[in-house]
Amino acid sequence: MFLWLEDLIRNLAGGKRAGKSNSCARITVNVATINRGRSLITYQQNMIEDLWYKNAIVYNLDIKTFMDVNGDGIGDFEGLARRLDYLDALGVDTIWLSPFQPTPDKDNGYDIKDYYGVDPRFGSSGEFVEFMHQAKKHGFKVILDLVVNHTSDQHLWFQEARSSKDSRYRDWYVWSESKPPNWNQGMVFPGVQHRTWTYDKKAKAYYFHRFYDFQPDLNMDNPAVRTEVSRIMGYWLELGVSGFRVDAVPFILESPSPGLAEHEMKFEYLREMRRFLQWRKGDAILLGEANVLPNESEHYFGKEGDGVHLMFNFYVNQHLFYALATSDTEPLADALKATQNIYPTSQWAHFLRNHDELDLGRLTEEQQQKVFKRFGPEKEMQLYNRGIRRRLNPMLGSRQQIEMAYSLMFSLPGTPVLRYGDEIGMGEDLRLNERDAVRTPMQWANESQAGFSAADKLVHPVIDEGPYSYHHVNAEDQRRKPDSLLNWMTALIRLRKECPEIGWGTWEILKTGRPQVLGMYYCWRGNSLVVLHNFDEQPHEVTLSLKQNNEDRLIDLMANEKSVADEKGQHRITLDAFGYRWFRAGDLSHLLHRRKQ
């Protein structure tokens, strides 16, 4: 499906990029006539809405910490299947599964030893297929982690590779006969990881590992390896998945060499993956993990949208936390504008927290220290000299600021991604090692082991002490409280789905006259939105001048209120401390007036 859409998009406004229009003016699109074999097929612009990821709501979870049915203390696919009704009621429509393949589990499953199976702790391949069947019945799309930068050192390929120089798998990994001069440079986990080249006695050579030494890197320059990656993708696509979250994209594309600090990047490998994916399943997607600078993002999306479909916006995420820490939105606004100009079929994925540390590496030293002081002042809260290993709710502390932060995340131009447990405000357990602090079991009920399992010993202990213990924070209690965070989040997700302008439209930053208030304006097919967020603990009034048609009235989408422009065409809008407001311009009959093109 997306292959013909790529052809169509190349005819959009002569190849113009999204995000350059500051008004709700109509964009004229030429009809693209495409010859497919013997038939001529004409496609209209409205068919671009088949790009389902543009307005998806993604929910990330880890099988082993979501729900345990068989009583061994580890979550499983049967448990996840039983909780699909919960996810359906929450309103999410795409489930991103963290790795669940067979693994020694030294790095939360990101050390895979067999790409074509299910770790027996989580169930069988048959139970995975049954889960996929149930997910499809509920209308969910499922995407999986694609971890192909490295394997586990226990993978059969690596064991064969180290056994002999003549092994067919030897060149599947990256070796050096002598100790490279840069053997201790380029570590991903400084302070915990001590080298990137490790000597293997059996192989009598050094092997390269961008991550831990038990995760040897695959040699992507070997065509046989790239063919195997395609085979892995094809296997899971045949089982019904809708795409992949591609782990560590920059490291998949690099060509490491002993002694070289800078490695050549092979972006054509990413385009190969994209082509294979789309031929096997036309509407499948790639969601890339690449913590890169704005001026590098085009390489990953592709100049013509032929790279990843979506990419996590780490740059905006880090400046968002700076704004949360300081109330200064100007760097955040600059970060949004710096990442605005992408290809029309491409999309940013926005998030607040994920399964890793909060990485602050793109901020200045001064900015980092302000965020550390506000959200991670104690050494045990910090990780890798660059991040914070905490969940969002304990960092912010205030229900008002928590709501404002999530309202902002769901209103940013792109696709929102939610981590399991954040919808109920789970906390972290700093007694656990490194990133495991934010990977505790889901808190379902005020019952033994938080309703996660009947076992006495769990894969990770539940949080059973303090204000974020399962006694106080759990899904079942919050389902029954109208003003709970869970019910508020459910309403916010419904609101986001009712505002496709955010996923599809052009946008601009509004001048609010207050550095503490971020204002955004969206426009799509004649409909427009205004979204305001106050990052300050003090209330503020802002004045907006909106000059488009039907914008003399702004209808509040979260309250039964409206703003009417004065004789100068200006709106004066008040926001409470950490306040947020979503407005639709004109009236609520906007669906009747939405243009078809």
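Here the structure is a predicted model, which means the values were calculated and not measured.

The rules behind each value
- Residues numbered from 1 in each chain as written.
- Predicted model: local features only at pLDDT ≥ 70, side-chain atom pairs only at ≥ 80, totals over all residues.
- Heavy atoms only, no water.
- Helix = DSSP H or I, 4+ residues; strand = E, 2+ residues; numbered from the N terminus.
- Polar contact = N/O pair within 3.5 Å; in protein donor to acceptor, adjacent residues only side chain to side chain.
- Core = buried A, V, L, I, M, F, W, Y, C linked by side-chain atoms within 4.5 Å.
- Buried < 20%, exposed > 50% of the residue type's maximum accessible area, 1.4 Å probe, protein only.
- Contact = heavy atoms within 4.5 Å.
- Pairing = 2+ DSSP bridges.
- Phe/Tyr/Trp six-rings, centres within 6.5 Å; stacked < 30°, edge-to-face > 60°.
- Lys NZ or Arg CZ within 6 Å of the ring centre and 35° of its normal.

**Q** How should the side chain of Arg 391 be read in this particular structure?
**A** For Arg 391, the position within the fold is in the loop between strand E17 (387-388) and helix H13 (392-396). Here Tyr 420 takes part through its backbone oxygen, which lies 2.7 Å from a polar atom of the side chain of Arg 391. Within the structure, Arg 391 has its side chain in polar contact with the side chain of Asp 422 (distance 2.7 Å).

**Q** Looking at this structure, I do not really get the nonpolar core. What am I missing?
**A** By size, the foremost hydrophobic cluster in this structure holds 131 residues, and its most contacted members are Tyr 59, Leu 87 and Leu 97. Broken down by element, this core gets its largest block of residues, eight residues, from helix H10 (residues 314-326). Setting aside chain neighbours within four positions, we find Leu 87 in contact with Tyr 59, Leu 61, Phe 66, Leu 80, Val 92, Ile 95 and Phe 140.

**Q** What exactly am I supposed to notice about the sheet that holds strand E15 (residues 358-359) here?
**A** Whether parallel or antiparallel, the strands of a sheet pair through hydrogen bonds between backbone atoms. What the three strands build is an open sheet, ordered E15-E17-E16; its pairing is antiparallel. At either end of the open sheet lies a strand with only one pairing partner, and these are E15 and strand E16 (382-383). Pairing of E15 with E17, which is carried by two bridges, proceeds in the antiparallel orientation. Bridge pairing links Asp 359 to Gly 387 in E17.

**Q** Help me understand the sheet that holds strand E7 (residues 197-200) in this model?
**A** Sheet architecture is open: three strands sit in the order E6-E8-E7, paired in antiparallel fashion. In this open sheet, the two strands that pair with only one neighbour each are strand E6 (175-176) and E7. For E7 and strand E8 (residues 205-208), the ladder comprises four bridges, and the chain directions are antiparallel. Across the sheet, Trp 197 pairs through a bridge with Phe 208, a residue of E8.

**Q** What should I look at first to understand the packing of aromatic side chains in this one?
**A** The geometry of an aromatic ring pair comes down to the distance between the two centres and the angle between the two planes. In this structure the tally under the stated criterion is 37 aromatic pairs. On the numbers, 5.3 Å between centres and 90° between planes, the contact of Tyr 116 with Tyr 235 is edge-to-face. Taken together, the residues Tyr 116 in the loop between strand E4 (94-97) and helix H4 (125-138) and Tyr 235 in helix H6 (residues 223-238) connect sequence positions 119 residues apart. Judged by relative accessible area, which is 25%, Tyr 116 ranks as partly exposed. Assessed through its relative accessible area of 29%, Tyr 235 is described here as partly exposed. An aromatic cluster is defined as three or more aromatic residues linked by ring pairs; in this entry it consists of Phe 77, Phe 100, Tyr 116, Phe 128, Phe 131, Tyr 235 and Trp 236. A cation over a ring is seen here: Lys 141 above Trp 52, with NZ or CZ 5.0 Å from the ring centre. The positively charged end of Arg 170 is found above the aromatic ring belonging to Trp 175, 4.5 Å away from the centroid.

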